[in-house]
Structure formats: structure tokens, C-alpha cells
Amino acid sequence: MSSPSERLAVGQLGALLLDAGVSVTDTRTMLVDSIPQTLRDELSIAVLPANVFIGETATANASIVESPKEDLSLLQAARTHRLMQRLAAGTNTLQEAAAQIASIRAERPRHPDLRWVLGNALISAGLATLFRCPWWAIVLALVVGILVGGVMTWVRRLPGSVAILPFLAAFVSTLLVGGAAQALALGDVPLFAICAPVALLVPGALITNSLLELTSVDTVTGTSRLIYGTIMLGFMAAGIAAGVAITGVQINAASASRIGETLSLSTAATGWQGFPPTWFAWLGVVVLAIGVGVAFGADHVLIMVTIVMMVVTYGMLVGLGVLVGDVAAAGITACILFIAARLLERTTRIAPAVAFFQPAFLLLVPGTVGLVALTSLEGDSLFAALGTFVSLCIGTKLGAIVFDVGRSRRRGRDTLSPTAS
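Now for a look at the structure at hand. Note that the structure is predicted; figures quoted are calculated from it, not measured. (Residues numbered from 1 in each chain as written. Predicted model: local features only at pLDDT ≥ 70, side-chain atom pairs only at ≥ 80, totals over all residues. Heavy atoms only, no water.)

Comments concerning a nonpolar patch on the surface
Applicable threshold: Exposure above 30% relative accessible area and the lack of any salt bridge qualify a residue for a patch; like charges then connect within 9 Å, and the nonpolar side chains Val, Leu, Ile, Met, Phe, Trp and Tyr within 5 Å. Note that accessible areas follow from Shrake-Rupley with a 1.4 Å probe, and for residues the cover is restricted to the protein chains shown. Throughout this description, the term salt bridge denotes a Lys or Arg side-chain nitrogen within 4 Å of a carboxyl oxygen of Asp or Glu. Helix and strand assignments come from DSSP, with helices taken as H or I runs of at least 4 residues and strands as E runs of at least 2, each series counted from the N terminus.
A cluster of nonpolar side chains, contributed by Val139, Leu142, Val143, Ile146, Leu147, Leu176 and Trp272, occupies part of the molecular surface with about 610 Å² of accessible area. Relative to the helices and strands, Ile146 is located in helix α7 (residues 135–155).

Thoughts on the packing of aromatic side chains
Worth spelling out the cut-off: Here a pair means two rings of Phe, Tyr or Trp (six-membered ring of Trp) with centres within 6.5 Å. Their orientation is stacked below 30 degrees between planes, edge-to-face above 60, and tilted elsewhere. Think of it in three bands: with a 1.4 Å probe and only protein chains considered, a residue is buried below 20% of the maximum accessible area for its type, exposed above 50%, and partly exposed in between.
This model, assessed by the stated rule, comprises 5 aromatic pairs. Their ring planes at 75 degrees and their centres at 6.3 Å tell us that Trp116 and Phe296 sit as a pair that is edge-to-face. Of this pair, Trp116 sits in helix α6 (residues 112–130) while Phe296 sits in the loop between α12 (280–295) and α13 (300–324); the two residues are 180 residues apart in sequence, bridging distant segments of the chain. A relative accessible area of 35% places Phe296 in the partly exposed class.

Remarks on helix α5 (residues 94–106)
Every α-helix carries 3.6 residues per turn, so stepping three or four residues along brings you back to the same face. Condition: In this analysis, the expected span of each helix is defined as 1.5 Å times one less than the number of residues it contains.
In this model, α5 (13 residues) spans 19 Å end to end at C-alpha, consistent with the 18 Å of a helix rising 1.5 Å per residue. Listed in full, the buried residues belonging to α5 are Leu94, Ala97, Gln100, Ile101, Ile104 and Arg105.

What to know about the pattern of salt bridges
Evaluation of the coordinates by the stated rule reveals 4 salt bridges. Here Asp19 and Arg105 are joined by a salt bridge, their closest N and O atoms 2.9 Å apart. On the criterion of sequence distance, the pair formed by Asp19 in helix α1 (residues 4–19) and Arg105 in helix α5 is long-range, its members being 86 residues apart. Of the residues examined, Asp19 reaches a relative accessible area of 7% and is grouped as buried. Looking at Arg105, the relative accessible area reads 16%, which means it is buried. Residue Glu70 pairs with Arg108 through a salt bridge whose shortest N-O separation is 3.1 Å. Residue Glu70 is found in the loop between β3 (62–66) and α4 (74–89), and its partner Arg108 is found in the loop between α5 and α6; the two are separated by 38 residues along the sequence.

Put into C-alpha cells, the structure is as follows:
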């Protein structure tokens, strides 16, 4: 019979995984894999976005552990992953897990506000470079990224700021970019020069988990996450629209809104009005990856992992986009990356799949793309965002099926091998 301390430990582990950004589907699977076989037969586990339910099948008694809703850094997520691996291997027990859970939660990145501001600036400049904005727009995105990052850190301390922050940050970004463009007579502004400084608020992790849950059995949770993520994008689009109305800035309709479009951009302008060379986009991907790592509290190892994953993602999107188009390329890339992230999670102690998959999904998920589509209100952009979402759903599900089939076959061989010998 399971003890109350064991049930509490299982619930605390589930809450830790949820705060690390793991979907409810994967949280339940990881919890089941980490507990001894005797407990698997005695306990039933259900997971919601903020709660873990642990029930005893024999007595129908149940306990609930609520997540404190503290977003963990990438380094904390990596430590959580290593703890789950040790539990699954039997080198740690559930009784020992409580102290390690407390240690993981107590570990916080140093200077979090500074990391957030610096990370936001690098993400802003990286995206502007990646989408081949003019040189002046890249520099402006860097400066505005610093200022908007400072606004974010201040507003996030206020009670109830979650609802207003997306609108306010997008509004401030548009005012700063639009005001500078008007004052300096820079001409039409690329849409990513406005969207890049607020890309850190785009609910990429939220939409990633909604995709994973929608393609599994957790359709209610996945749908609610998707609706919430869409509402956040709507608030951000409304903030941009309000800023455009006040400043009167003109959006450049010919600027790139998808990665595949960057290859065809050209201009006769030179100097600050000119575009960076095509190869410069690779540098933008590296800067973007470093910004993600800095903002979300990664160490140097995780930052290198993020750089590799995002460079590979960009290369696949560009290469496959030429062959099959942007929409199909997103799905194929998602499928391959999903399998690769799961394999790395299983075979290494570096980080969980979420640390491999979600940074790359900043280039894949129709988060920033969806924000651009909602802001431009162009039929082609909206259709492309919807098509990308469907493609990602299919690609992610296929990746999950392939990985699960492969894992089942490996388990079958492991079960039969002692008998065969």
C-alpha cells in the first residue's frame, strides 16, 4: 500500500514538471515511468494544467497537489529531467525526491531582471536580422527591445499584470518604433521591427503544449490552452493596432512575415536602408538562440544546445521550404525535431525534450507568425498561419506515433532478451 509521503512526492513531482513547461500529457507519462511497478498498480494519476490528482485504486481515496505556478528556468528544467531519470532508473527513491524538489525550486538565476532585458534585446535583434529587416530596423529593434524588456520587468511585478502585459508591451513597442520612424523619416516600417521586441511574450510554450495535448487524449486542456494563447495574441495585435493609429506609421506590406519569404527579398537601397546579405540570417538565428537562453536562465551548455537546435530548425525550414513550401516544411520539421528531442531526452542527461523542442518551436509555431497575420489582417497571412498550425499538429502527432512505436518495440525486445539468453 502506498504511503501518504509517496503520494505527496508524486504530486510534487508532477507540479514541478508542469512549472518546467511540460505538457499535461507528458507529465502524466513521466510520472508513471518514474514510480515503481507496485505503485503503478496501486495509484491512478490525472494531470491538469495547475493540479495533479493522485488516487488509490483500492480505496478510491485521492489527494490533490496544486502547482505554485512558478515558471522554472531552463536550468531548473534540466535538473528536473535528471531527477526523473534517476527515479526511473531506481537510483533515487520517492522518499529522497522531496529534498531534491525543494532544492530545484530554490535555485534561481542570478539577476533575473537583467537577464530578461538582455535576452529580450537579443531576441528582438535576432528576429529582425533573421527576417531581413533593413539595417536601421535591426538597430532600432535592438534598442526598443531593451526598453520594452525594462517595461516588461516592471509591469510583471504588479498584481494582475498577466492580462494587460501583452497589450501594453505591444503598444509601447509600436509607439517607440513608429515614433522613431516618423521622427527620423525612415519610411515604411517592416512588421517584424514592431513584433520582434515583444516576441518574448508570444505564447510559444503555451501553443507548443496545446499542440501536444490536442494530438493526444487531453483535448480539453489543449483546446483551453490554444484559446488562451489566441487571446494573448489578440491583445498583442490590438496593442500594435492602437500604436499604429496614434503614430500614423506605415507598415511595409512587402516585408517578410514567414521565413521562406526572406530569400526573395531584394532592394536597390544601400546603407542603412539596405538589407543585410542572405547569409547574415544565420547570425540572426544564433543571436536569437542566445537571447532565448539568457532570458530563460540557461547555462552555457543549454545555450549551446539551443543554438544547435535552432540552427538545424532554420536550415530545415529553408531547405524544405524550397522543395515543398513553407506550410508543409513546418510539419515535416516538427515531426523530425519531435523525434530527435525525445531521443536526446532518453539518451542524454543534458535536458528534457521541452528544452530541445520549445526554443526551436519559436521558429516553427504560428505564434509570431500568427501575431503578424492578425496584425496585418491579410487573407494570405491568416491562411498561412492556419495552414502552419494544422501542419504542425499533423507533424507533431506523426512524430509522437513514430517515437512511441519505436519505444514499444525496444521495450518488447528488452522483455524477451532474458528469456532468449
